[in-house]
Amino acid sequence: MITKLAVPIIVAPMAGGVSTPALVAGAVAAGAYAFLPAGYLTPEAFREQVEQTKALTGKPFGVNLFTPGARSTADTTGYRDRVRAQAERLGVDVGEPRWDDDHYAAKVDIVVAAKIPVVSFTFGLPSAEDVRRLKAVGSTVVATVTTPAEARAAAERGADVLCVQGAAAGAHRGAFENDAAYPGGAPLYDLLPAMRVIGTETGLPLIAAGGLTHGADVAAVLAAGAVAAQLGTAFLLCPEAGTSEAHRKALVVAERETTLTRAFTGRPARGLVNSFIAEHQDAPNAYPDVHHVTKPVRVAAGRAGDPEAMALWAGQAYPLAVEAPVAEVIGILTAQARDAVAALTRRWPVAD
């Protein structure tokens, strides 16, 4: 299914309330595909979101799960103390650092029971048993990968499709490891070189992701061999998205650079530069410990409409995002992609 979409565009799973059931349903109604994110939700809330999405559309959609990583040994005490200044300014206290698995096992049980047709994983690989269970109910397993080594491991684990994430992607890097030696948690690969190497080494179908915001980008990755293009930032301004007003305004004004940071969660993620990022460039590589420390600050900043203490996730090409319903954005991207193909054909005609 995911390899033969009528409209080879996928709305990325944007956790934290951005990818709503309405956004997912609107995308699949327009002939594209979309993933509902399970990240940060309780099992009960996740199950409710699945049911809400099913109620809005009779068409198939996918689900994305965060794969739990190893417990970090990084000391977060000093970082928590430094974040307290922003917390006090917003009238809240910092959170307690702690590790959790995001209710992973319960969420796997939910997608297996619901027979979700496509299940993708971020931050690592599902166990061989989870892969077996999913395939037994007819689910296609998608692994998010950022390097050739991760792609090889995913292929060996039994992934059916690889979602190749390039360095320009907004929000969290999908890297399996959170290596402090790398700003991106692992070596950073631009999307097209990563696709070429990974496609050659694994032979698996590839979804291309990372910095794709225009229809010409979609055409480019399809020409490079992708079965579909996955976009997130391009849909942040849709009315169906749960993007906060302060986040929307920052995207529309388009005056900020993007950067990779661990400041908000302890995992590398790309967002718009603000005061919080600038003041916390030394954040420890401790996920989800740091996420829990800064969550009260981020929530309070969102309520106050203060963009300087929020996680304003966005890909590098975010100024190209348009304010329109999801179906209209998909239509715009499709038209742009066709124009790009036509322009290339004129420039380099197909030989008879």
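Up top is the structure these notes are about.
Here the structure is a predicted model, which means the values were calculated and not measured. Throughout this document, residue positions are counted from 1 along each chain, in the order its sequence is written. The predicted origin of the model limits local features to residues at a pLDDT of at least 70 and limits the giving and counting of side-chain atom pairs to 80 or more, whereas totals for whole chains, interfaces and linings rest on all residues. By convention in this description, side-chain values take in all heavy atoms of the structure and omit both hydrogens and water.

Novice: Requested: an account of the sheet that holds strand β4 (residues 118-122), with residues and values cited.
Specialist: A pair of strands counts as paired when DSSP detects no fewer than two bridges linking them. A run of DSSP states H or I qualifies as a helix once it reaches four residues; a run of E qualifies as a strand once it reaches two. Both are numbered from the N-terminal end. Sheet architecture is closed into a barrel: eight strands sit in the order β1-β2-β3-β4-β5-β6-β8-β9, paired in parallel fashion. Averaged over all neighbouring strand pairs, the angle between strand axes comes to 25°, with direction disregarded. With three bridges connecting them, strand β8 (residues 206-209) and strand β9 (residues 228-231) associate as parallel partners. Of the residues in β9, the one forming a bridge with Ile207 is Ala228. Here an axis means a line fitted to C-alpha atoms, over the contact stretch when the element is a helix, while the angle between two N-to-C directions is reported on a 0 to 180 degree scale.

Novice: How would you sum up the packing of helix α4 (residues 104-114) against helix α5 (residues 128-136)? Please name residues and give values.
Specialist: Each packed pair of helices is defined by two parameters, the angle between the axes and the distance between the axes. Running from amino to carboxyl end, α4 crosses α5 at an angle of 20°, the nearest separation of the two axes being 9 Å. In terms of orientation, α4 lies roughly parallel with respect to α5. Judged by the sense of rotation from one axis to the other, the crossing of α4 with α5 is left-handed. Listed contacts from α5 to Tyr104, Val108, Asp109, Val111 and Val112 of α4 are Asp130, Arg133 and Leu134. Here the angle decides the label: under 35 degrees means roughly parallel, over 145 means roughly antiparallel, 65 to 115 means roughly perpendicular, and every other value means oblique. Left-handed is the label given to a crossing in which the near helix is rotated counterclockwise from the far helix by less than a right angle, and right-handed is the label when the rotation is clockwise. Note on definitions: a residue-residue contact is assigned when non-hydrogen atoms from the two residues lie within 4.5 Å.

Novice: Mind laying out the sheet that holds strand β7 (residues 171-172), listing which residues take part and the relevant values?
Specialist: Taken together, the three strands give an open sheet; going across it, the order is β7-β11-β10, and neighbouring strands pair in antiparallel fashion. The sheet terminates laterally at β7 and β10 (258-261), the two strands that pair on one side only. Alignment of β10 against strand β11 (residues 269-272), held across four bridges, turns out to be antiparallel. Looking at β11, one finds that Thr259 is bridged to Gly271.

Novice: Provide a residue-level description of the layout of surface pockets, including the pertinent values.
Specialist: We place a 1 Å grid over just the protein atoms. Points where a 1.4 Å probe fits but has no way out form a cavity, open points with protein on both sides within 12 Å along at least 5 of 7 lines form a pocket, and any residue with an atom within 4 Å of a point lines it. Grid points are joined across faces, edges and corners, and a volume is the space filled by probe spheres set on the points. In this structure, the second largest pocket spans a volume of roughly 200 Å³. Residue lining of the second largest pocket: 13 residues in total, with Leu260, Thr261, Arg262, His280 and Gln281 positioned closest to the centre. Sorting the residues of the lining of the second largest pocket by element identifies β10 and α10 (275-279) as the ones contributing at least two each. Examining the composition of the lining of the second largest pocket, we find that three residues originate from one element, β10, more than from any other. In this classification, Asp, Glu, Lys and Arg are treated as charged, Ala, Val, Leu, Ile, Met, Phe, Trp, Tyr, Cys and Pro as nonpolar, and every other residue, Gly included, as polar. The residue makeup of the lining of the second largest pocket, split by class, is seven nonpolar, four polar and two charged.

Novice: How would you summarise the packing of helix α3 (residues 77-89) against helix α11 (residues 289-304) if you had to cite specific residues and measurements?
Specialist: Packing of α3 against α11 leaves a shortest axis separation of 9 Å and a crossing angle of 15°. Considered as vectors, α3 and α11 are oriented roughly parallel to each other. As α3 runs across α11, the sense of the crossing is right-handed. Facing Tyr79, Arg80, Val83, Gln86 and Ala87 of α3, the residues of α11 in contact are Val290, Val293, Thr294 and Val297. Grouping the constituent residues of the contact of α3 with α11 by class yields six nonpolar, two polar and one charged.

Novice: Can you lay out the packing of aromatic side chains for me, pointing to particular residues and giving the numbers?
Specialist: Pairing of aromatic side chains here covers Phe, Tyr and the six-membered ring of Trp, requires ring centres within 6.5 Å, and sorts the geometry by plane angle: under 30 degrees stacked, over 60 edge-to-face, intermediate tilted. Evaluation of the coordinates by the stated rule reveals seven aromatic pairs. A centroid spacing of 4.7 Å and a plane angle of 40° characterise the contact between Phe66 and Phe123, whose relative ring orientation is tilted. Taken together, the residues span a long stretch of sequence, with Phe66 in strand β3 (residues 62-66) and Phe123 in the loop between β4 and α5 at a distance of 57 residues. With centroids separated by 5.7 Å and ring planes inclined at 90°, the aromatic side chains of Phe264 and Trp313 adopt a geometry described as edge-to-face. Here Phe264 is found in the loop between β10 and β11, whereas its partner Trp313 is found in the loop between α11 and α12 (326-347), with 49 residues between them in sequence.

Shape descriptors only; they carry no functional weight alone.
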